[in-house]
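Tertiary structure, described
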Amino acid sequence: MIRVVLPYHLRNLARTDAEVQVDVDDPVTARTVLDAIEARFPMLGGTIRDHGTLKRRAYLRYFACNEDISHEPDDAPLPSTVASGEEPLYIVGAISGG
Amino acid sequence: MSGIRLLVGTSKGAFILTADGSRKKWSVSEPHFGGLEIYHMKGSPADPSRIYASQCSDWFGQVVHRSDDGGTTWETVSNKFEYAGETGTHQWYDGTPHPWEFKRVWHFEPSLTDPDTVYAGVEDAALFRSTDGGMNWEELPGLRGQGTGTDWTPGAGGMCLHTILLDPANADRIYTAISAAGAFRTDDGGTTWRPINNGLKSEHIPDPEAQVGHCVHSLALHPTRPDVLFMQKHWDVMRSDNAGDAWHEVSGDLPSDFGFPIEVHAHEPETIYVVPIKSDSEHYPPEGKLRVYRSRTGGNDWEALTSGLPQEHCYHNILRDAMAVDTFDPCGIYFGTTGGQVYASADNGDTWLPIARDLPRVLSVEVQILP
């Protein structure tokens, strides 16, 4: 079971808690986790990554184990502690100033 | 007594304002989609319970919401807007070719007869249609591909298709307007399109009378006379008496002919409303006086409507989709400002009241009459 922490507005859109859990077969990568998220919560399609290119949206970053993994290849294995469910994958929105 | 519902899209959520037919006492909802920009929402003329809302943000992109109960609850429908075929290029700000890229929905126009059919005007400029309540979207590529698309350029706000008018007398005729390309018309249900910009003059382009390149801000028509069109252009208020085949200027004695919205009175096809803005460099009312101007002669002769509107120190703008009219008699007029006020007139514009004072920046205002 992979744990994923969503930003505030995406929790509201998916009508879920901050942390969601999805089953992901190996390999556990950013791509396979997001595939699973979008399959379980279709309303999140296009909100984390572009529908067509599947590129991460510019104002979002992925964190795992206190590391920014946004620029890792989408098919790179996530840390083993994320794959085991010990640590969540964080999807984080850019801070909004004003 | 029947009621009225105003759908107000703002930079930080959607608000629904309701009143009975007297339009004297208004209720303002809590924000829907709080904190998120709702650029436009509009109800179906065929079923007022059906509302479509466009949410867009830099963080999460485009999201489309649909309500089937008048805005009490919402469900998310498809946000997948894929251009048909080769996307090609349009002109970028510097004149270089730039590929078409979807950014957001500027305007929803529900069908006049079918709640499940709705048109979406998007940036980069294209027209999409759904026939299943927003679950799937398909581009009508004949507009983007009608031959001048490579010459279209964005305005400062983006290259957006922001106006969609459905001809109530001819289901095959649709008008659209694009900034900064101009106005376009189809007579075959959206398959083929042609520019309808003869008579427009825009000094900011190399050929002021070019076929395309005009920054049309808004179009309006009266349902009983759909061949007569009114246009608020970047500068100039224009009129066409032949479905856009030719335009002539009717700015007349306006203090400024720059502005964004234009509307037609519900029962008087020759009565139109605009809100003059000082200039394209100073987006606020001339002299700091918020004045709606009304022409009862289809243009040229205008009167300032000021009763109830601030006549000093007002520096808000009124955006192109932030004005609407109801179909009660007397006709109600509504508009929202970038300062967060929503003003209403229940007497054809003679007097105005603020019915919301402190909303976020108002992006759109639409009206629904409730049974």
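Above: the structure in question.
Attention in this report is confined to the structure presented alongside it. (Residues numbered from 1 in each chain as written. Chains lettered and ligands numbered in written order. Predicted model: local features only at pLDDT ≥ 70, side-chain atom pairs only at ≥ 80, totals over all residues. Heavy atoms only, no water.)

**Some words on the sheet that holds strand 6 (residues 61-67) of chain B**
Residue and element names in this part refer to chain B. Strand order in the open sheet formed by four strands is 4-5-6-7, and the pairing between neighbours is antiparallel. Unpaired on one side and paired on the other, strand 4 (38-43) and strand 7 (75-77) mark the two borders of the sheet. Neighbour to neighbour, the strand axes of the sheet diverge by 25 degrees on average, direction disregarded. (Pairing = 2+ DSSP bridges. Helix = DSSP H or I, 4+ residues; strand = E, 2+ residues; numbered from the N terminus. Axes fitted to C-alpha atoms, helices over the stretch in contact; angles between N-to-C directions.)

**What to know about unusual backbone geometry**
Residue and element names in this part refer to chain B. Omega for the peptide link from Glu 123 to Asp 124 comes to -5 degrees, which places this bond in the cis form. Note that Asp 124 resides in the loop between strand 11 (118-123) and strand 12 (126-130). With an omega of 5 degrees, the peptide bond running from Asp 329 to Pro 330 counts as cis. With respect to the element layout, Pro 330 can be found in the loop between strand 26 (323-325) and strand 27 (333-336). Even without being a glycine, Arg 23 presents a positive backbone phi close to 60 degrees. In this fold, Arg 23 is placed in the loop between strand 2 (13-20) and strand 3 (27-28).

**With respect to the packing of aromatic side chains**
By convention here, two paired aromatic rings are described through the distance between centres and the angle between planes. The full count for this structure, using the stated rule, is 18 aromatic pairs over all chains. On the basis of an interplanar angle of 70 degrees and a centroid distance of 5.8 Å, the ring pair of B:Trp26 and B:Tyr334 is categorised as edge-to-face. With a gap of 308 residues between them, B:Trp26 in the loop between strand 2 and strand 3 and B:Tyr334 in strand 27 connect regions that are remote in the sequence. One aromatic cluster is present, formed by B:Tyr52, B:Phe81, B:Tyr83, B:Phe102, B:Phe108, B:Phe128 and B:Trp137 through successive ring pairs. Over the face of the ring belonging to A:Tyr62 we find A:Arg56, whose NZ or CZ atom lies 6.0 Å from the ring centre. The ring of B:Trp100 carries the charged tip of B:Arg144 above its face, separated from the ring centre by 5.1 Å. (Phe/Tyr/Trp six-rings, centres within 6.5 Å; stacked < 30°, edge-to-face > 60°. Lys NZ or Arg CZ within 6 Å of the ring centre and 35° of its normal.)

**Some remarks on the pairing of strand 1 (residues 2-5) of chain A**
All names here are of chain A. In the sheet, strand 1 pairs with strand 2 (residues 19-22) via four bridges, with the strands oriented antiparallel. Across the sheet, residue Ile 2 finds its bridge partner in strand 2, namely Val 22. Of the pairings in the sheet, the one linking strand 1 to strand 5 (residues 89-93) comprises two bridges and is parallel in character. Along strand 5, the bridge assignment pairs Val 5 with Tyr 90.

**As for the sheet that holds strand 18 (residues 216-222) of chain B**
All names here are of chain B. Strand order in the open sheet formed by four strands is 18-19-20-21, and the pairing between neighbours is antiparallel. Unpaired on one side and paired on the other, strand 18 and strand 21 (248-249) mark the two borders of the sheet. As paired strands, strand 20 (residues 237-240) and strand 21 are joined by two bridges and run antiparallel to one another. The residue bridging Arg 239 from the neighbouring strand is His 248, located in strand 21.

**Notes on the nonpolar core**
All names here are of chain B. Grouped together as the largest cluster of nonpolar side chains are 40 residues, with contacts concentrated most on Leu 6, Val 8, Leu 17, Val 292, Phe 335 and Val 342. Where this core is concerned, the elements lending two or more residues are strand 1 (3-10), strand 2, strand 26, strand 27, strand 28 (342-345), strand 29 (353-356) and strand 30 (362-370). The leading source of residues in this core is strand 30, at four residues. In contact with Leu 6, not counting residues within four places along its chain, are Phe 15, Ile 16, Leu 17, Trp 26, Tyr 334, Val 342, Ile 355, Glu 366 and Val 367. Counting residues in hydrophobic clusters, the runner-up holds 30 residues, among them Val 64, Val 105, Ile 178 and Ala 181. (Core = buried A, V, L, I, M, F, W, Y, C linked by side-chain atoms within 4.5 Å. Buried < 20%, exposed > 50% of the residue type's maximum accessible area, 1.4 Å probe, protein only. Contact = heavy atoms within 4.5 Å.)

**What about the interface of chain A and chain B?**
Contact residues are listed per partner, giving 16 residues for chain A and 15 residues for chain B. Surface buried jointly by chain A and chain B totals about 1,300 Å² across both partners, of which 60% is contributed by carbon and sulfur atoms. When the buried area of chain A at its contact with chain B is split by residue, A:His9, A:His51 and A:Tyr59 rank highest and sum to 41% of it. Summed over the shared surface of chain A and chain B, the result is zero salt bridges. The interface formed by chain A and chain B contains five residue pairs in polar contact (both at pLDDT 80 or more). If you tally residues by element for the side of chain A that touches chain B, the top one is helix 1 (residues 8-14) of chain A, at three residues. Residues of the side of chain A that touches chain B, tallied by class, amount to seven nonpolar, seven polar and two charged. (Buried area = accessible area lost by both parts, 1.4 Å probe. Salt bridge = Lys/Arg side-chain N within 4 Å of Asp/Glu carboxyl O. Polar contact = N/O pair within 3.5 Å; in protein donor to acceptor, adjacent residues only side chain to side chain. Nonpolar A, V, L, I, M, F, W, Y, C, P; charged D, E, K, R; others polar.)

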